[in-house]
Amino acid sequence: MIRTFDVCKEYRSEGRAHRVLSNISFTVERGEKIAVLGRNGAGKSTLMRLLGGVELPTSGSIERTMSLSWPLGLQGGFQGSLTGNDNLRFIARIYNKPFDYIRAYVEDFAELGKYLSEPVKTYSMGMRARFAFALSLAIDFDCYLIDEIIAAGDQRFQRRSHEELFEKRADRAMILASHIGEIVKAYCSRALVLHRGRGKVFEDLSLALDIYNDL
Amino acid sequence: MQRRVIGALTIREIYTRFGRESLGFAWIVAEPLVFAVPVLFMWKAIRGSHEHGLSVMPFLWSGYIPLLLFRHLGGRILMFIRVNAGLLYHRRVTILDIFVARALLEIGGNLTALIASFALFYALGAVDVPQDLPMFYLGYFFMVWWGVAAALIIGGLSERSDWVAQVWMPYSYMYMVFSGFFFLADWLPPTLRNIALYQPYTQAYEMIRAGVFGGAIRTYGDPFYTAFILAVLTLVGLWLMREGRKFVVLE
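In this text, all values refer to a predicted model and were calculated from it rather than measured experimentally.

Observations regarding the overall build of chain A
The helix and strand tally for chain A stands at seven helices and nine strands. The buried share among the 215 residues of chain A stands at 40%. For chain A, restricting intrachain contacts to residue pairs at least 6 apart in sequence, the fraction spanning at least 24 positions comes to 68%.

Now the structure itself:
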């Protein structure tokens, strides 16, 4: 279970505190898929980073009793100056997985071929997205944090990531930030709508999407 | 588990800093020597071989290598959380792990450089085995501890405000003057000496020098005071580091 309780996040700029999220409370049970809806700047990515533990909330608490991925997106989780292989080695070491297994998985999924021995910063946007996504799927988590990744990459990659996430990992929990109504409707059972830093959970997805579309 | 994380971070640090093909770890050892050897020989040429009746080479050698340790530990730790924020995507990696990996690498490199430079200068007949080895080790231990405590404080503070990085540069140069690299407390007038001995690094230098020269000089090192003040600084540093984590913002 993942439970957030009264989570607030403020950033300081020009000497003033600027509140991005206020009093966000919700729970995600094992195997449950919840959508996070909100316009650009509503705080979706901030919430993802807080859930993933990358940044810490200004106040409130986040409880995690299942393993939770880092926020899967176009960046994060790897280091640009290292080669693809060195990044994989690092991940393999800290998550205690055999390097050969991780390498084989990423090679197959991201289809990067010889680019794995090049520094990640030389990759194109599409290659980077494939690499980042493959990396996080290579480690097994109970709950995945997904920040818009589905929209990245070419058609073949989109189809494959779909398969990997929603078919092979149908039993996992997911917190999915997305703009795409069909994906939300097809896979999620509830939605958290974020607006101006406040959040409300809706059990009725159509209602949530209607509200989101009217924002 | 944290040991595995720290191990992975250390290897990663070596890769990012030295590349995979270059000299790698050997450079960590060579780096201090490349700076130390010319400085030490130049000094000897300019100032002659004795200072206050002491051999200059052992005096400078026992001053310069600890100086490098302090400057490397401090310099590498500036804004290290910000620079490494990407690593925090992995919840298993804590800032303390990143800190420990960096510090271990610097300390390991410095100790290796200490031994390598000793071997080199010993072979050249420029330095001798320290008279009082346990005292030398104790002094060096305090020096390492001081470097770690200072790095914790600098690392924690530099996340809050950028002026810490601005102050660091002049401070690390001034440090050469007031740390004890160039002097023994015994050479100072009593009032100045009392002030200087409040500084934990001056204390550590006193013990290192007592180790190198034995009974030939008068030193003022106080292990109990030094341990106490360093413990306080370490706690302050750990607290600052933990607070610094809250200021981390990713792009």
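Looking at helix 5 (residues 155-167) of chain A
Residues and elements named next belong to chain A. Compared with an ideal rise of 1.5 Å per residue, which puts 13 residues at 18 Å, helix 5 spans 17 Å between its outermost C-alpha atoms and is within 8% of the ideal. Looking only at helix 5, the buried set comprises Phe157, Ser161 and Leu165. Taken down its axis, helix 5 places every buried residue within 50° of arc, on the same side. Of the residues in helix 5, the exposed ones pointing more than 90 degrees away from the buried face are Gln155, Arg156, Arg159, Glu163 and Glu167. Buried positions along helix 5 lie against helix 4 (125-138).

Some thoughts on the packing of helix 6 (residues 133-160) of chain B against helix 10 (residues 223-245) of chain B
Residue and element names in this part refer to chain B. The N-to-C vectors of helix 6 and helix 10 enclose an angle of 25°; their axes lie 8 Å apart at closest approach. Our classification of the angle between helix 6 and helix 10 gives roughly parallel. For the pair helix 6 and helix 10, the sense of crossing is left-handed. Between helix 6 and helix 10, the residues in contact are Leu138, Phe142, Trp145, Trp146, Ala149, Leu152, Ile153, Gly155, Gly156, Leu157, Glu159 and Arg160 and Pro223, Thr226, Leu230, Leu233, Thr234, Val236, Gly237, Leu238, Leu240, Met241, Glu243 and Gly244, respectively. Residue classes in the contact of helix 6 with helix 10 are distributed as 15 nonpolar, six polar and three charged.

Things to note about the nonpolar core
Within the largest apolar cluster, 110 residues are counted, with the highest numbers of intra-cluster contacts made by A:Val36, A:Leu145, A:Ile175, A:Ala191 and B:Met143. Looking at which element gives the most residues to this core, the answer is helix 6 of chain B, with 16 residues. Beyond its immediate stretch of four places on either side in the chain, A:Leu145 contacts A:Met48, A:Leu51, A:Gly52, A:Leu68, A:Ser69, A:Trp70, A:Pro71, A:Leu72 and A:Ile175.

A look at the sheet that holds strand 7 (residues 173-177) of chain A
Residues and elements named next belong to chain A. The strand order across the open sheet formed by six strands is 5-6-7-3-8-9, and the pairing between neighbours is mixed. The strands lining the two open edges of the sheet, one partner per strand, are strand 5 (68-72) and strand 9 (198-202). In this sheet, neighbouring strand axes are inclined to one another by 15° on average, regardless of whether the strands run parallel or antiparallel. As defined by bridge partners, strand 8 (residues 190-195) adjoins strand 9 across five bridges and the pair is classed as antiparallel.

Section: the interface of chain B and chain A
At the junction of the two partners, chain B supplies 19 residues and chain A supplies 18 residues. At seven residues, the largest contribution of residues to the side of chain B that touches chain A is made by helix 1 (residues 2-18) of chain B. Classifying every residue of the side of chain B that touches chain A gives nine nonpolar, four polar and six charged.

What about the confidence of the model for chain B?
Residue and element names in this part refer to chain B. For chain B, the average pLDDT comes to 86, and 94% of its residues sit at 70 or higher. Mean pLDDT across the elements of chain B bottoms out in strand 1 (residues 50-51) (70) and peaks in helix 9 (residues 200-213) (95). For this predicted complex, the interface confidence reaches an ipTM of 0.81, while the overall pTM sits at 0.86.

As for helix 3 (residues 56-77) of chain B
The α-helix winds at 3.6 residues per turn, so residues separated by three or four positions along the chain end up facing the same way. All names here are of chain B. Along its 22 residues, helix 3 runs 32 Å from first to last C-alpha, staying within 8% of the 32 Å computed at 1.5 Å per residue. For helix 3, the tally of buried residues reaches 16 of 22 residues, placing the bulk of the element in the interior. Note on helix 3: the residue one or two positions beyond its end, Met79, has a positive phi of about 55°.

Thresholds applied
- Residues numbered from 1 in each chain as written.
- Chains lettered and ligands numbered in written order.
- Predicted model: local features only at pLDDT ≥ 70, side-chain atom pairs only at ≥ 80, totals over all residues.
- Helix = DSSP H or I, 4+ residues; strand = E, 2+ residues; numbered from the N terminus.
- Buried ≥ 20, exposed ≤ 12 C-beta atoms within 10 Å, placed from the backbone.
- Contact = placed C-beta atoms within 7 Å.
- Expected span 1.5 Å × (residues − 1).
- Arc of directions from axis to C-beta.
- Axes fitted to C-alpha atoms, helices over the stretch in contact; angles between N-to-C directions.
- Parallel < 35°, antiparallel > 145°, perpendicular 65-115°, else oblique.
- Left-handed = near helix turned anticlockwise from the far one by under 90°.
- Nonpolar A, V, L, I, M, F, W, Y, C, P; charged D, E, K, R; others polar.
- Core = buried A, V, L, I, M, F, W, Y, C linked by C-beta atoms within 7 Å.
- Pairing = 2+ DSSP bridges.
- pLDDT = per-residue confidence, 0-100.

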